[in-house]
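Observations on chain architecture
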Amino acid sequence: MNFPLYIAKRYLFSKSKNNAINIITRIASGGIIVGAMALFVVLSVFSGLRVFSLSFSNDFDPDLKVNPIYGKSFSISPEQERKIKKIEGVVNFSKIIEERVLFSFNGKQHVSNIKGVDCNFSKVNKASQKLFNGQWLKQKTYQCVVGYGISEKLSLGLFDFNNPFEVYAPKTGKGNIDNPEEAFNRSNLIPVGIYAISEELDSKYVFADLGLVQELLEYKPTQISGIEIRTKPNISNAEVIDAITKICNNKVEVKTRAQLNATLYKMLNTENIAVYLIFTLVIIIALFNLIGSLIMMVLDKKANLKTLHNLGTEVKDLRKIFLLQGTLLSVFGGLIGLILGIIVVVIQQQFQLIMITQSLAYPVEFSLQNVAIVFGTIVSLGFIASIIASSRVTKKLLD
C-alpha cells in the first residue's frame, strides 16, 4: 500500500488527543458537507427554473423557423414545398404570416400581431393544445383564436355575433390619403378560442386562417412571412438548415429555438453562472476551516513526523500525507453532501413540499451534470486547500 495514503487514512479516521483539533475537523467536515449539499440544491433549483421558463417557449416556438433575410415576406412555390418535405429530418412544416395590426371590439382598440396559419400548424406548434377556453380555428373560415391577455384588454368573449371583432391592416401603395377609412383593409373575425401560455405570449397574437391574412395584407397566394418546421429528435439541425437555405435560393435565414430566444437563454445562463460563483465563494470560505484543521493536525503530529523523517521518510512524502488527508476529507464530505442534496431534490420532486402558489410547486431538476459540477468543485477546491495546508510541512519544522 502507498505509505502516505496509509498514514493519511489513519489520521483521517482516528481521533486526536487534542479535543480542539477534533472539533475543528468536525467543523471543517460539516462545512464541506453543507456546502456541497447547498450548491447542489441551488443548482437543481435553477435547473428547474430554467426548464420551467423554457417550457413556455418550447410550447410556442418551433424547432426551426424560416424568416426572410430582406423585407417582411418571401414567396415559396409548390415545388419548393415538396423539396422541403423530402429533407431528411423534417417531420412537418407550416406556412405562416405574422404582421402587426389593429384590433377593435365594442369600442375598444388594441394593437397586436395577427398570425395566419395553415392546416399543418397544429402538427408543428403546441399552441393549439394550450386553449384556455373554446376550440381551435377551422381553415378557410373567419374564425380566430385570441390570447387570454388580448381577450381581457378588449373584454372579448367567444361567439359574440352581436359585436363584430374587427381587424385593420394598412393598405399597400403610395400617394396621399384623402379618406382615412380607405387607408386600411378591414375584416371581421369570429373568436372561437382563447389560448393561455404566458403573460407575454397571451398578449401578443391572434391566430387566423392563412388565406384570410393573405387577403387582408394583399399578399399573393404563394407569399408568406415564415415557415415553422418540426424536426426529428437528435437530428443535425445544421444539415436541415443548409438544405432549406439552398431550396429557398439563399433568400432566407433559418433559426433554431435557442436562437429565437437568444436573450432568454443568455439571461438564464448568466444567472446560473452567477449563482454558481456565489456559492463557490461560500465553499471557498468554508474550506479555510479545512486549511486550519490540517495545519493544526500538522502541529499536533509534529513529533510523529520527526520520527518518520528520522526513519528516512522524505519531506515531500510527509507533505503528501496531509495533502491526501485533506483531499479524502473533501471527497467524503462532498459525497455525503451530494447524497443529502439528492435526497432533498428527490423529495421536492415527488412530494412538492415547497410551493410557489397553491397549484405550482417550486421547480427542481435532478441532473447528473450538476452532480459532476458539485463534486468536481468540492474536490478541486479541497485539493487546493490541502496543498496550501501541507506546504506547512517543511524541513525547518522537523529540525
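Residues numbered from 1 in each chain as written. Predicted model: local features only at pLDDT ≥ 70, side-chain atom pairs only at ≥ 80, totals over all residues. Heavy atoms only, no water.

1. A look at a nonpolar patch on the surface
Together, Ile-336, Ile-339, Leu-340, Ile-343, Ile-347, Phe-351, Leu-353, Ile-354, Ile-356 and Tyr-362 line one region of the surface with nonpolar side chains, adding up to about 950 Å² of accessible area. One can find Ile-343 in helix α12 (residues 315-351). Residue classification places Ile-343 among the partly exposed positions, given a relative accessible area of 42%. (Patch = residues over 30% accessible without salt bridge, like charges linked within 9 Å, V, L, I, M, F, W, Y side chains within 5 Å. Areas by Shrake-Rupley, 256 points an atom, 1.4 Å probe, with all protein chains shown as cover. Salt bridge = Lys/Arg side-chain N within 4 Å of Asp/Glu carboxyl O. Helix = DSSP H or I, 4+ residues; strand = E, 2+ residues; numbered from the N terminus. Buried < 20%, exposed > 50% of the residue type's maximum accessible area, 1.4 Å probe, protein only.)

2. Topic: the pairing of strand β4 (residues 108-117)
Consecutive side chains along a regular strand alternate between the two faces of the sheet. Within β4, 7 of the 10 residues are buried, which leaves the element mostly enclosed by the surrounding structure. Of the strand pairs in this sheet, strand β3 (residues 90-105) and β4 are connected by 10 bridges, and their pairing is antiparallel. Residue pairing in the sheet places Glu-98 in a bridge with Lys-115 of β4. Sheet topology places β4 next to strand β9 (residues 205-209); 5 bridges connect them, and they run parallel. By the bridge assignment, Asn-113 is partnered in β9 with Tyr-205. (Pairing = 2+ DSSP bridges.)

3. Considering the layout of surface pockets
Its volume calculated, the largest pocket comes out at about 470 Å³. In this structure, the largest pocket is lined by 20 residues; those nearest its centre are Ser-57, Asp-61, Glu-200, Leu-201 and Asn-261. If you list the elements that add at least two residues to the lining of the largest pocket, you get α2 (19-60), α6 (199-202) and α10 (262-300). Among the elements that take part in the lining of the largest pocket, α2 stands out by supplying 4 residues, more than any other. Of the residues contributing to the lining of the largest pocket, the split by class is 8 nonpolar, 4 polar and 8 charged. (1 Å grid on protein atoms, 1.4 Å probe; cavity = no way out; pocket = protein on both sides within 12 Å on 5 of 7 lines; lining within 4 Å. Points joined across faces, edges and corners; volume = space filled by probe spheres on them. Nonpolar A, V, L, I, M, F, W, Y, C, P; charged D, E, K, R; others polar.)

4. Let's talk about the pattern of salt bridges
Counting across every chain of the model gives 10 salt bridges. Here Glu-88 and Lys-232 are joined by a salt bridge, their closest N and O atoms 3.7 Å apart. Here Glu-88, found in the loop between α3 (78-85) and β3, pairs with Lys-232, found in the loop between β11 (226-231) and α8 (237-247); they are 144 residues apart in sequence, far enough to count as distant. Looking at Lys-232, the relative accessible area reads 39%, which means it is partly exposed. The closest approach of N and O atoms between Glu-98 and Lys-115, which form a salt bridge, is 3.7 Å. One end of the pair, Glu-98, is in strand β3; the other, Lys-115, is in strand β4, with 17 residues separating them in the sequence. Overall, Lys-115 belongs to the buried group, its relative accessible area being 1%. Sharing partners across several salt bridges, the network here consists of Lys-65, Glu-98, Lys-115 and Glu-228.

5. Comments concerning the confidence of the model for the chain
Segments scoring low in pLDDT should not have their predicted coordinates read at a detailed level. Across the chain, pLDDT averages 91, with 97% of residues at or above 70. When pLDDT is averaged over each element of the chain, β9 comes out on top at 97 and helix α14 (residues 395-398) at the bottom at 84. (pLDDT = per-residue confidence, 0-100.)

6. Considering the packing of aromatic side chains
Two descriptors summarise a pair of aromatic rings, namely the distance from one centre to the other and the angle between the planes of the rings. Using the criterion set out here, one finds 15 aromatic pairs in the structure. Here the aromatic rings of Phe-13 and Phe-332 are separated by 6.0 Å at their centres, their planes lie at 55°, and the arrangement is tilted. Residue Phe-13 is found in helix α1 (residues 3-13), and its partner Phe-332 is found in helix α12; the two are separated by 319 residues along the sequence. For Phe-13, a relative accessible area of 59% translates into the label exposed. Feature note: the residues Phe-60, Phe-121, Trp-136, Tyr-195, Tyr-205 and Phe-207 constitute an aromatic cluster, connected by ring pairs. The ring of Tyr-205 has Lys-115 lying over it, and the distance from NZ or CZ to the ring centre is 5.2 Å. (Phe/Tyr/Trp six-rings, centres within 6.5 Å; stacked < 30°, edge-to-face > 60°. Lys NZ or Arg CZ within 6 Å of the ring centre and 35° of its normal.)

7. Some words on the packing of α2 against α12
Contact geometry of α2 with α12 gives a least axis separation of 7 Å together with a crossing angle of 40°. Relative to α12, the element α2 is oriented oblique. You can see that α2 and α12 cross each other, and the crossing is right-handed. Each of Ser-29, Ile-32, Ile-33, Ala-36, Met-37, Phe-40, Val-41 and Ser-44 in α2 lies in contact with α12, whose residues at this interface are Leu-329, Ser-330, Gly-333, Gly-334, Ile-336, Gly-337, Leu-338, Leu-340, Gly-341, Ile-342, Val-344 and Val-345. For the contact of α2 with α12, the residue count by class is 13 nonpolar, 7 polar and no charged. (Axes fitted to C-alpha atoms, helices over the stretch in contact; angles between N-to-C directions. Parallel < 35°, antiparallel > 145°, perpendicular 65-115°, else oblique. Left-handed = near helix turned anticlockwise from the far one by under 90°. Contact = heavy atoms within 4.5 Å.)

8. Details of the side chain of Asp-61
The topology assignment puts Asp-61 in the loop between α2 and β1 (64-68). One buried charge, Asp-61, has no salt-bridge partner; the nearest side chain with opposite charge is Arg-257, at 5.7 Å. The residues contacting Asp-61, other than those within four sequence positions of it, are Asn-125, Arg-257, Leu-260 and Asn-261. (Lys, Arg positive; Asp, Glu negative; His and termini not counted.)

9. Brief notes about the environment of Tyr-11
Assignment of secondary structure puts Tyr-11 in helix α1. A relative accessible area of 10% places Tyr-11 in the buried class. Separated by 159 residues in sequence, Tyr-11 and Pro-170 have C-alpha atoms that sit 82 Å apart. Apart from the residues lying within four places of it in its own chain, the contact partners of Tyr-11 are Met-297, Lys-301, Asn-304, Ile-321, Phe-322 and Gln-325.

10. Observations regarding the state of the cysteines
Summed over the entire model, instances satisfying the criterion amount to 0 disulfides. Here Cys-119 is not cross-linked by a disulfide; its sulfur's nearest cysteine counterpart is in Cys-144, at 18 Å. Left without a disulfide partner, Cys-248 is nearest to the cysteine sulfur of Cys-119, which lies 19 Å away. (Disulfide = S-S within 2.5 Å.)

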